[in-house]
Amino acid sequence: MPFEVAPLAPHIGSRITGLDLSQDMSEPTMRSLIDLLFDRGVLVIPAQTIDHAAYVRLANFFGRPLDFFIPEQCDADFPAIIRIDNDPATPLVLRDGAVQWHSDSSYEAVPAAVTMLYGKEAPDRGGETHFASTVAAYAALPDDMKSKLDGLIAHHELGRAPWIDGEVVPDPKRPPRKTDSPSHPLIMVHPITGRKGIFTSGTAYAIEGMGDAEGTALIRQLREHIVQPQFRLEYKIVPGDIVLWDNFGAVHCATRIEYSADDGKRRLLYRISTKGIPSLCPQADSAPVRAARSGASQSGRCAG
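Described below are features of the structure shown in this document. Keep in mind that what you see is a predicted model, and the values were worked out from it rather than measured.

What counts, and where the lines are drawn
Residues numbered from 1 in each chain as written. Predicted model: local features only at pLDDT ≥ 70, side-chain atom pairs only at ≥ 80, totals over all residues. Heavy atoms only, no water. Helix = DSSP H or I, 4+ residues; strand = E, 2+ residues; numbered from the N terminus. Rg over C-alpha atoms; globule rule 2.2 N^0.38 Å. Buried < 20%, exposed > 50% of the residue type's maximum accessible area, 1.4 Å probe, protein only. Contact = heavy atoms within 4.5 Å. Phe/Tyr/Trp six-rings, centres within 6.5 Å; stacked < 30°, edge-to-face > 60°. Pairing = 2+ DSSP bridges. Right-handed = clockwise from strand over helix to strand, strands pointing away. Salt bridge = Lys/Arg side-chain N within 4 Å of Asp/Glu carboxyl O. Expected span 1.5 Å × (residues − 1). Axes fitted to C-alpha atoms, helices over the stretch in contact; angles between N-to-C directions. Core = buried A, V, L, I, M, F, W, Y, C linked by side-chain atoms within 4.5 Å.

Counting secondary structure elements, the protein chain contains six helices and 16 strands. Here the protein chain has a C-alpha radius of gyration of 18 Å; the compact-globule value for 304 residues is 19 Å, and the two agree. On the principal axes, the C-alpha backbone points of the protein chain span a range of 50 × 50 × 35 Å. Here the protein chain holds 304 residues, and the buried ones make up 55% of them. By sequence separation, contacts in the protein chain at least 24 residues apart represent 83% of the contacts at least 6 residues apart.

Right, let's get into the packing of aromatic side chains. Taken as a whole and judged by the stated rule, the model has three aromatic pairs. Arranged with centres 5.4 Å apart and planes meeting at 55°, the rings of Tyr 55 and Tyr 118 form a pair that is tilted. Placement of Tyr 55 in helix α2 (residues 52-60) and of Tyr 118 in strand β6 (residues 114-121) is noted, with a sequence separation of 63 residues between them. A single burial state applies to Tyr 55 and to Tyr 118, both of which are buried. Between Phe 131 and Trp 245, the ring centres sit 5.4 Å apart and the planes meet at 55°, which makes this aromatic pair tilted. Separated by 114 residues along the polypeptide, Phe 131 in strand β7 (residues 128-133) and Trp 245 in strand β14 (residues 242-246) bring together distant segments of the chain. Both residues of the pair, Phe 131 and Trp 245, belong to the buried class.

For the rest of this paragraph, the subject is the pairing of strand β3 (residues 42-45). Of the two faces of β3, the one carrying Val 42 and Val 44 and the one carrying Leu 43 and Ile 45 are both buried. Where strand β2 (residues 14-17) and β3 come together, two bridges link them in parallel fashion. If you follow Ser 14 over to β3, its bridge partner there is Leu 43. Since β2 and β3 lie parallel, the crossover through helix α1 (residues 27-40) that links them has a hand, and here it is right-handed. Here β3 runs beside β14; their pairing, made up of four bridges, is antiparallel.

Moving on: unusual backbone geometry. Even without being glycine, Ser 105 reaches a positive phi, approximately 60°. Owing to a relative accessible area of 8%, Ser 105 belongs among the buried residues under this scheme. Phi is positive for Ser 181, close to 45°, though the residue is something other than glycine. What makes Ser 181 partly exposed here is its relative accessible area of 44%.

What follows covers the environment of Cys 253. One can find Cys 253 in strand β15 (residues 250-254). Of the residues examined, Cys 253 reaches a relative accessible area of 5% and is grouped as buried. Distance from Cys 253 to Val 227, taken between C-alpha atoms, is 9.9 Å for residues 26 residues apart in sequence. Setting aside residues up to four positions removed in sequence, Cys 253 forms contacts with Ala 98, Val 99, Gln 100, Trp 101, Glu 128, Thr 129 and His 130.

Quick look at the pattern of salt bridges now. Per the stated rule, a full pass over the model turns up 10 salt bridges. The network of salt bridges with shared partners includes Glu 121, Asp 263 and Arg 266.

The next subject is helix α5 (residues 212-226). The terminal C-alpha atoms of α5 lie 21 Å apart, and with 15 residues this matches the ideal 21 Å at 1.5 Å per residue to within 8%. Turning to α5, the residues buried within the fold contact β7, α3 (134-139), α4 (143-149), β11 (196-198), β12 (204-207) and β15.

Here three strands make up an open sheet; going across it, the order is β13-β7-β15 and the pairing antiparallel. Looking at strand neighbours, the two that pair on one side only are β13 (232-236) and β15, the edges of this open sheet. The mean inter-strand angle of the sheet, taken between neighbouring strand axes irrespective of direction, is 25°. In this sheet, β15 lies alongside β7 in antiparallel orientation, the contact comprising five bridges. Residue Phe 131 lies in a different strand from β15, and its bridge partner there is His 252.

This part is about the sheet that holds strand β9 (residues 183-185). If you trace the three strands from one edge of the open sheet to the other, you get β9-β8-β12, paired in antiparallel fashion. The open sheet has two edge strands, β9 and β12, and neither has a second partner. Each adjacent strand pair in this sheet contributes to an overall mean axis angle of 40°, direction not counted. In the sheet, strand β8 (residues 153-156) pairs with β9 via three bridges, with the strands oriented antiparallel. Bridge pairing in β9 places Ile 153 opposite Pro 185.

It is worth spelling out the nonpolar core at this point. Grouped together as the largest cluster of nonpolar side chains are 40 residues, with contacts concentrated most on Leu 21, Leu 33, Tyr 55, Leu 58, Phe 62, Met 116 and Leu 244. Considering every element that reaches this core, the biggest residue donor is α1, with six residues. Leave out the neighbours within four places in its chain, and Leu 58 touches Leu 21, Met 25, Met 30, Met 116 and Ile 242. Residues Ala 204, Met 210, Leu 218 and Leu 222 belong to the second largest nonpolar core, which totals 28 residues.

This is the structure:
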C-alpha cells in the first residue's frame, strides 16, 4: 500500500497516514481504500487539501454521488456536496437532527452505501461523531438469536423508530420529508464482503409477521445491542480530515453542538453520500439491496 494504516478501535475504524489525495487518486490506491473501508467500516484520512471538484471525484470511486433533496444546503456548482454547519441562524426545529443512531438513507428503497465528511472548521470543544459496527454486533449475537433474525424483514420510516438512550427525538414541528417507506432485511448481507450485519438504522419501526409490541421491543433490543461500547468508535473531525463510513456495516450518531458563529465554536463540514457498488469492484453489476435480500454472498475484494 502507498500509505500506512492504524486501527482506531478493535472492531471499527482505521486511520490512514502518508496519503495525499491531491496527488494520488490512482486506481490501485482507490482499490486499497475501498477494501479497507468495507473491512473496517470507517476510514479517517487526515491532512487533506483538495477542492470541491477533487472531492466529488473521490466520491465517484465509492459509488454514485447523490444530489441532496434540500437544494439550499447543496453547493451551487457541485450539488452532491452538502454543507453542514452550526450557523446560529438555523431554525430550532432543524437543529441536532442527526443525534440518533442511523445509517444514511435507510428510509429509501435503495439506502446510501458510503458517506464521507470533509472537515473545514471544528469547535474547540464538542462536535464528536460516534460510530458502531453492525457487523461486529451481529457476530456477537448468540446462535439462536441469529437464527431468529435471519430472514426477517423490517419496515422503515422516518420518526417512527423506537428511540434509545442518548438520542434526540426530532422536533414534531420539523418539516416532513417524503420517503419511500421501504422494507429492508433485518440482517443485511454486505454486497462486497458477504458479511452479515444488523440493519435497523434509526428508521426500522416494525417487523413483518410480528405484532407491534413484539416488533418494537425486538428493534429496540437490537439497537441497544449495536451501540454497546465494545462495538463503538468516537471521533472528532478536524480541519483537513476526510472521514468515510460504510452504511452497510456501521451506524453513526452526531452529538449535540452549540449553534454559534463565534471563533472556536464554528463547525463546517462538507458531506457526500453515494449509492451503488464502487465501479472498481467486480461486484459492481450486482444491486446491493437485491443481493442483501436474497442472502447471496458477494464476498470479494476490490484490490487487484
